[in-house]
Protein chains: 2
Amino acid sequence: MKTTRNTPPVVLIIAANDPSGGAGIVADIETVSHHQCQPACVLTALTVQDSVNVQRIEAVTAELLLAQAEPILADMPVAAIKIGLIGSTANITALATLLKKWRDIPVVLDPILRAGGGKPLASQDMAAHMVQELLPLTTLLTPNIHELLSLAGCSEIPEAVEKLAAAGLEWLLLTTTDETDPLSSEVTNQLFCQGQAVASWRWPRLPHTYHGSGCTLAAAAASAIALAPNAPEQILNAAYRAQAFTWQSLAAGCQLGQGQWHPNRRFTTP
Amino acid sequence: MKTTRNTPPVVLIIAANDPSGGAGIVADIETVSHHQCQPACVLTALTVQDSVNVQRIEAVTAELLLAQAEPILADMPVAAIKIGLIGSTANITALATLLKKWRDIPVVLDPILRAGGGKPLASQDMAAHMVQELLPLTTLLTPNIHELLSLAGCSEIPEAVEKLAAAGLEWLLLTTTDETDPLSSEVTNQLFCQGQAVASWRWPRLPHTYHGSGCTLAAAAASAIALAPNAPEQILNAAYRAQAFTWQSLAAGCQLGQGQWHPNRRFTTP
């Protein structure tokens, strides 16, 4: 079954559930759907959390992760894969096996290492396995500064970007909201290809902290890639569109719980 | 935190994941989001399936089900609850406890008993517990004919409707696609309140079978209820809007896998 002009591109989401709906697969599904792509969704973990912080993570087994994903990849024409929270080192290894088998499908990896509220969501061992096993299979990585430096194991951005490129990473979209001076009026994001700076964008700084901005960005990038499979400047354009969608979602966000704000991904389709 | 005119109503989805994205929480999240409500999502089970059939169900424990749901209900103003596949008798009992604690929130229950491909998704014991423990706490039940008769344990529709009303059910929206003569050009759905017929609607029969039509219907009904909390004829209107949204989603559907068609819930917001 080939995708025709009448069928939407399928984006396979591989991530964890956040019951509050701010982040995780709810963020991913809303984002993919609002890009007019069909979300397919494989769970890596369940979490217990609210808008304030994460209390608990229950990773699925690597066996169940693959059991969920393989029939979908065999049954449906997946145009892009978005990976969020992975849950365990065994799941990283399982995903590497899966991605090698489906090498032609572009992969956007959001390397989630800690929750917005501060709780660690991946061990140092998992970060090392992510770099070694997943970066060579990743089309676009979307870290913030903390994630970039933790993955690379160093303290300077240029060195970290080089290290990840040396590990086999192709594209890197670095967001800097997490380390930008809170008094600054702008946030700068940078796109690198094989370690070389390709573009940068400045966005007006928004006044709140948001639950799921990173998930939204990566899912929007995967959707944009799925929508334009053979476009020139495909990743450059996807990186821009993903930031624009995310910024608008945050700007339209609201406080639904007691903690971080919820993005609003429900405005008119981008 | 009260919902104001600027914040979307929150619809809490309590259901299982279908990795194909046709049914389950993907259907629910897409539907709730396209109604301009904020989805919050608690997993009852993971499944392994594609567009053809369900291979496996892994229910979460009742403890983890409640651990996911309770912080959300405490943190966010939930305007409606939509329940899909529940996964185990223990989960039914846990849900009954939860719903009793949050008695003011309207509940739409889609009593899923078997997959579109035919695989049973709930035991006879679970059906009995659903009737006894959940129907008295349900605002609107959305069975097809097979589900209605199985829940009531009888073979005639009028008797079954009476039996469920006697068990404490308030509203029942009966869909009949599953038993309509395939040569018929129309499908009739009926709404009952405490066992009394209130309204019926006829819809042009669509040519395919679809993965997730029941999930879409129940999630759309929950969204419509959440959007109009104090409206007169609230359930009557929600029942109509949910059918209209579902029918349009199916009519715009497409075949993405080898089996049942995917509804398209991504058209302009209803």
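Anything mentioned here points back to the structure above.
Predicted model only: the values in this text are computed from it and were never measured.

1. Overview of the overall build of chain A
For chain A, the helix and strand inventory stands at 8 helices and 9 strands. For 270 residues, the compact-globule estimate of 2.2 N^0.38 gives 18 Å, and the C-alpha radius of gyration of chain A, at 17 Å, lies within 12% of that figure. Each of the three principal axes of chain A carries a C-alpha extent, and together these read 50 × 40 × 40 Å. Expressed as a percentage of the 270 residues in chain A, the buried residues total 61%. A gap of 5 Å separates the mean positions of the 15 positive and 22 negative side-chain charges of chain A.

2. Things to note about the environment of Ala 152 of chain A
Residues and elements named next belong to chain A. Along the chain, Ala 152 falls in helix 5 (residues 145-152). The buried category is assigned to Ala 152, whose relative accessible area is 10%. In this structure Ala 152 touches Ala 160, Lys 163 and Leu 164, once residues within four positions along its chain are discounted.

3. Focus: the packing of helix 1 (residues 24-34) of chain A against helix 7 (residues 213-227) of chain A
All names here are of chain A. Packing of helix 1 against helix 7 brings their axes to within 8 Å, and their N-to-C directions diverge by 35 degrees. The hand of the helix 1/helix 7 crossing is right-handed. Taken together, the residues of helix 7 that come into contact with helix 1 (itself represented by Gly 24, Ala 27, Asp 28, Thr 31 and Val 32) are Cys 215, Thr 216, Ala 219, Ala 220 and Ser 223. Each residue belonging to the contact of helix 1 with helix 7 can be placed in one class, and the counts come to 5 nonpolar, 4 polar and 1 charged.

4. Focus on the relation of the copies chain B and chain A
With an RMSD of 0.0 Å, the operation that places chain B on chain A is a rotation of 180 degrees combined with a shift of 0.0 Å along the axis. Look at the turn and shift together and you get a two-fold axis relating the two. The rotation axis passes nearest to the C-alpha of Glu 30 of chain B in chain B, at a distance of 3.1 Å.

5. Some points on the environment of Ala 15 of chain B
Residue and element names in this part refer to chain B. In this structure, Ala 15 sits in strand 1 (residues 10-17). A residue is classified by how much of its surface remains accessible, and Ala 15, at 2% relative accessible area, is buried. Sequence separation between Ala 15 and Thr 44 is 29 residues, and the spatial gap between their C-alpha atoms is 5.2 Å. With residues near it in sequence (within four places) discarded, Ala 15 still touches Ile 25, Asp 28, Val 42, Leu 43, Thr 44, Ala 45, Gly 84 and Leu 85.

6. Notes on the pairing of strand 1 (residues 10-17) of chain A
Residues and elements named next belong to chain A. Counting buried positions over the 8 residues of strand 1 gives 8, a clear majority of the element. Direction of pairing for strand 1 relative to strand 4 (residues 78-83): parallel, over a ladder of 5 bridges. Paired with Ile 14 across the bridge in strand 4 is Ile 83. Strand direction decides the pairing type here: strand 1 and strand 2 (residues 38-49), joined by 8 bridges, are parallel. Among the inter-strand pairings, Ala 16 is bridged to a residue of strand 2, identified as Ala 45. After leaving strand 1, the chain enters helix 1 and then returns to the sheet as strand 2, a path that is right-handed.

7. Some words on the sheet that holds strand 6 (residues 140-141) of chain A
Residues and elements named next belong to chain A. The strand order 3-2-1-4-5-6-7-8-9 describes an open sheet built from 9 strands, whose pairing is mixed. Whereas interior strands pair on both sides, the edge strands pair on one side only; in this sheet they are strand 3 (54-59) and strand 9 (196-204). Note: strand 6 against strand 7 (residues 171-174), 2 bridges, orientation parallel. Pairing of Leu 141 across the sheet is with Leu 172, part of strand 7. This element, helix 1, spans strand 1, strand 2 and strand 4 of the sheet and lies at about 160 degrees to strand 1. The strands touched by helix 8 (residues 234-251) are strand 6, strand 7, strand 8 (186-193) and strand 9; relative to strand 9, the strand with the most contacts, the crossing angle is about 20 degrees.

8. Observations concerning the interface of chain B and chain A
Listed as interface residues are 51 residues of chain B and, on the opposing side, 51 residues of chain A. Here chain B and chain A share an interface that buries about 4,100 Å² over both sides, 58% of which is from carbon and sulfur atoms. Looking at the side of chain B facing chain A, the largest losses of area belong to Asp 75, Leu 256 and Arg 266 of chain B, adding up to 17% of the total buried there. Taken together, the connections running from chain B to chain A amount to 2 salt bridges. Taking the shortest distance from any N to any O, the salt bridge between Arg 56 of chain A and Glu 63 of chain B comes out at 2.9 Å. Where chain B packs against chain A, one counts 20 residue pairs in polar contact (both at pLDDT 80 or more). In terms of residues, the side of chain B that touches chain A owes the most to one element, strand 2 (residues 38-49) of chain B, which gives 10 residues.

9. Some points on the side chain of Glu 133 of chain B
Residues and elements named next belong to chain B. With respect to the element layout, Glu 133 can be found in helix 4 (residues 124-134). No salt bridge is formed by the buried Glu 133, whose closest oppositely charged neighbour, Lys 100, lies at an N-O distance of 6.1 Å. Among residues more than four places away in sequence, those in contact with Glu 133 are Ile 92, Thr 93 and Ala 96.

10. What about unusual backbone geometry?
If you check the backbone angles, Glu 233 of chain A has positive phi at about 55 degrees while not being a glycine. Looking at where Glu 233 of chain A falls in the secondary structure, it is placed in the loop between helix 7 and helix 8.

11. A short note on the nonpolar core
Residues Leu 164 of chain A together with Ile 81 and Leu 164 of chain B are the most contacted members of the largest nonpolar core, which totals 178 residues. Once you skip the residues sitting within four places of it in the chain, Leu 164 of chain B turns out to touch Val 131, Leu 135, Leu 141, Leu 148, Leu 151, Ala 152, Leu 169 and Leu 172 of chain B.

12. Digging into the sheet that holds strand 7 (residues 171-174) of chain B
Residue and element names in this part refer to chain B. Read across the sheet, 9 strands follow the order 3-2-1-4-5-6-7-8-9 without closing on themselves; strand pairing throughout is mixed. Of all strands in the sheet, those bounded by a partner on one side alone are strand 3 (54-59) and strand 9 (196-204). For strand 7 and strand 8 (residues 186-193), the ladder comprises 4 bridges, and the chain directions are antiparallel. If you follow Leu 174 over to strand 8, its bridge partner there is Gln 190.

13. Here we look at helix 5 of chain A
Residues and elements named next belong to chain A. Taken across its 8 residues, helix 5 has 6 buried, putting it largely inside the fold. What helix 5 keeps buried is the set Ile 145, Glu 147, Leu 148, Leu 149, Leu 151 and Ala 152. Against helix 4 (124-134), strand 6, helix 6 (157-166) and strand 7 lie the buried residues of helix 5. Its side-chain oxygen at 3.3 Å from the backbone nitrogen of His 146, Asn 144 defines the N-terminal cap of helix 5. In the segment just after helix 5, Gly 153 is the residue with positive phi, at about 65 degrees.

14. A short note on the packing of aromatic side chains
Residue and element names in this part refer to chain A. Applying the stated criterion across every chain yields a total of 5 aromatic pairs over all chains. Plain terms: the ring middles of Trp 203 and Tyr 240 are 6.2 Å apart, the flat faces sit at 25 degrees to each other, and that makes the pair stacked. One end of the pair, Trp 203, is in strand 9; the other, Tyr 240, is in helix 8, with 37 residues separating them in the sequence. By relative accessible area, which is 42% here, Tyr 240 ends up partly exposed.

About the thresholds
- Residues numbered from 1 in each chain as written.
- Chains lettered and ligands numbered in written order.
- Predicted model: local features only at pLDDT ≥ 70, side-chain atom pairs only at ≥ 80, totals over all residues.
- Heavy atoms only, no water.
- Helix = DSSP H or I, 4+ residues; strand = E, 2+ residues; numbered from the N terminus.
- Rg over C-alpha atoms; globule rule 2.2 N^0.38 Å.
- Buried < 20%, exposed > 50% of the residue type's maximum accessible area, 1.4 Å probe, protein only.
- Lys, Arg positive; Asp, Glu negative; His and termini not counted.
- Charge placed at Lys NZ, Arg CZ, Asp CG, Glu CD.
- Contact = heavy atoms within 4.5 Å.
- Axes fitted to C-alpha atoms, helices over the stretch in contact; angles between N-to-C directions.
- Left-handed = near helix turned anticlockwise from the far one by under 90°.
- Nonpolar A, V, L, I, M, F, W, Y, C, P; charged D, E, K, R; others polar.
- Least-squares fit on C-alpha atoms with pLDDT ≥ 70 in both.
- Pairing = 2+ DSSP bridges.
- Right-handed = clockwise from strand over helix to strand, strands pointing away.
- Buried area = accessible area lost by both parts, 1.4 Å probe.
- Salt bridge = Lys/Arg side-chain N within 4 Å of Asp/Glu carboxyl O.
- Polar contact = N/O pair within 3.5 Å; in protein donor to acceptor, adjacent residues only side chain to side chain.
- Core = buried A, V, L, I, M, F, W, Y, C linked by side-chain atoms within 4.5 Å.
- Phe/Tyr/Trp six-rings, centres within 6.5 Å; stacked < 30°, edge-to-face > 60°.

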